[in-house]
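Summary of the model geometry
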Amino acid sequence: MSQQKSDYVDHADIDESLDELASDATIEETVENLEESGFEVVVVDSADDALAEIQSLIPADASVMNGHSTTLEEIGFVEYLSDGDHEWESLPDEIWSIDDDAKRQAARRESQTADYFLGGINGISQTGELVAADRSGSRIGAYPFAAENVVIVSGVNKIVPTLDDALDRLESVAYPLENERAKEAYGVDSAIAKQLILRQELEDERTTVVLVREHLGY
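An account of the accompanying structure is given in this report. (Residues numbered from 1 in each chain as written. Predicted model: local features only at pLDDT ≥ 70, side-chain atom pairs only at ≥ 80, totals over all residues. Heavy atoms only, no water.)

**Re the overall build of the protein**
Tallying secondary structure elements over the protein gives 8 helices and 10 strands in all. Taken over C-alpha atoms, the radius of gyration comes to 16 Å for the protein, in line with the 17 Å a tight globule of 218 residues would show. A principal-axis box enclosing the C-alpha atoms of the protein has dimensions of 45 × 40 × 30 Å. Looking at the protein residue by residue over its 218 residues, the buried ones come to 52%. In the protein, the proportion of contacts linking residues at least 24 apart, taken out of those at least 6 apart, comes to 81%. If you sum the accessible surface of the protein, you get close to 10,400 Å²; carbon and sulfur atoms cover 43% of it. In the protein, the 15 positive side-chain charges and the 49 negative ones have mean positions that sit 9 Å from each other. (Helix = DSSP H or I, 4+ residues; strand = E, 2+ residues; numbered from the N terminus. Rg over C-alpha atoms; globule rule 2.2 N^0.38 Å. Buried < 20%, exposed > 50% of the residue type's maximum accessible area, 1.4 Å probe, protein only. Contact = heavy atoms within 4.5 Å. Areas by Shrake-Rupley, 256 points an atom, 1.4 Å probe, with all protein chains shown as cover. Lys, Arg positive; Asp, Glu negative; His and termini not counted. Charge placed at Lys NZ, Arg CZ, Asp CG, Glu CD.)

Have a look at this one:
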């Protein structure tokens, strides 16, 4: 089931001041600081452009996994990966075809070492840090080290001035919206149980941030 931010925004109390489209000057400064911290950065104009960029980034025969991401839903990547009109190995399709719970959980853990792991982020500071959190860790577990390549896709509405602001955005924008989604999808509350701050990427060309000049995700 495709999930969009609009499905939950009316039911969540969020700090809208931390969910505004960034200016061109702010985007430029953020890109410079992310690149100085070792991240590859690509800026695109639209969701369609973001999907095309991902298609160009991932080579044929690569194993591909994604963590849950409303942004990936909104740009059409999740549907594209599942539909199979590509030459990649789709690990989500393999995982969710496993009937045995223990074997499926083991496959989910193994998928963290995919050739390419894609996902979203909850906050980006102009100073060059990335902030994300998860209830189980399956969405962000591959980001620090496990996956060979990481592609993070984000709307520029997630750019805020400082790391403290990015952490505030996680609490006051991303969490309320994700909590509404989790209650509908799983029947349970979400939680900021496992939190990640990416300050620097030390491996050349490993982590790419695709910034979209649109209001996407949460």
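Having seen the model, we can carry on.
**Some words on the sheet that holds strand β9 (residues 194-198)**
Across the sheet, which stays open at both edges, the 4 strands sit in the order β8-β5-β6-β9 with mixed pairing between neighbours. Lying at the two open borders of the sheet, with one neighbouring strand each, are β8 (159-160) and β9. (Pairing = 2+ DSSP bridges.)

**As for helix α2 (residues 47-57)**
Those residues of α2 that sit buried are Ala 47, Ala 50, Leu 51 and Ile 54. Angular distribution of buried residues about the axis of α2 spans 95°; they occupy a single face of the element. Opposite the buried face of α2, by more than 90 degrees, sit the exposed residues Asp 48 and Ser 56. (Arc of directions from axis to C-beta.)

**Let's talk about a negative patch on the surface**
Residues Glu 28, Glu 29, Glu 32, Glu 35, Glu 36, Glu 40, Glu 148, Glu 203, Asp 204 and Glu 205 make up a contiguous surface patch of negative charge. It is helix α1 (residues 24-36) that contributes the most residues to the negative patch, 5 residues altogether. Within the fold, Glu 148 resides in the loop between α7 (142-146) and β7 (149-155). (Patch = residues over 30% accessible without salt bridge, like charges linked within 9 Å, V, L, I, M, F, W, Y side chains within 5 Å. Salt bridge = Lys/Arg side-chain N within 4 Å of Asp/Glu carboxyl O.)

**Here's the deal with the packing of aromatic side chains**
Taken as a whole, this structure holds 3 aromatic pairs when the rule is applied. Where Phe 117 meets Tyr 143, the ring centres are 6.1 Å apart and the plane angle is 75°; that geometry is what we call edge-to-face. Pair noted here: Phe 117 is in strand β4 (residues 116-119) and Tyr 143 is in helix α7, with a separation of 26 residues, a long-range link. Among the aromatic residues, ring-to-ring pairing joins Phe 77, Tyr 80 and Trp 88 into one connected group. (Phe/Tyr/Trp six-rings, centres within 6.5 Å; stacked < 30°, edge-to-face > 60°.)

**A closer look at the pattern of salt bridges**
Tallying each qualifying case throughout the model produces 7 salt bridges. The salt bridge involving Glu 180 is made with Lys 183; its shortest N-O contact spans 3.4 Å. Within this pair, Glu 180 and its partner Lys 183 are both found in helix α8 (residues 163-186), separated by 3 residues, close to a single helical turn. Ionic contacts of the salt-bridge type, sharing partners, join the residues Asp 24, Asp 45 and Arg 213 into one network.

**Focus on α1**
End to end, α1 covers 18 Å across 13 residues, agreeing with the expected 18 Å (1.5 Å per residue, within 8%). Of all the positions in α1, only Thr 26, Ile 27, Thr 30, Val 31, Asn 33 and Leu 34 are classed as buried. Among the structural elements, β1 (40-44), β5 (123-125), β6 (130-134), β8 and β10 (207-212) are those in contact with the buried residues of α1. (Expected span 1.5 Å × (residues − 1).)

**A word on the sheet that holds strand β3 (residues 89-90)**
Spatial strand order, β1-β10-β7-β4-β2-β3: 6 strands in an open sheet with parallel pairing. Of all strands in the sheet, those bounded by a partner on one side alone are β1 and β3. Sheet topology places strand β2 (residues 63-66) next to β4; 3 bridges connect them, and they run parallel. Bridge pairing in β4 links Val 64 to Tyr 116. Against the sheet, α1 engages β1 and β10, with an angle of about 160° to β1. Lying over the sheet, α2 contacts β1, β4, β7 and β10, oriented at roughly 160° with respect to β10. (Axes fitted to C-alpha atoms, helices over the stretch in contact; angles between N-to-C directions.)

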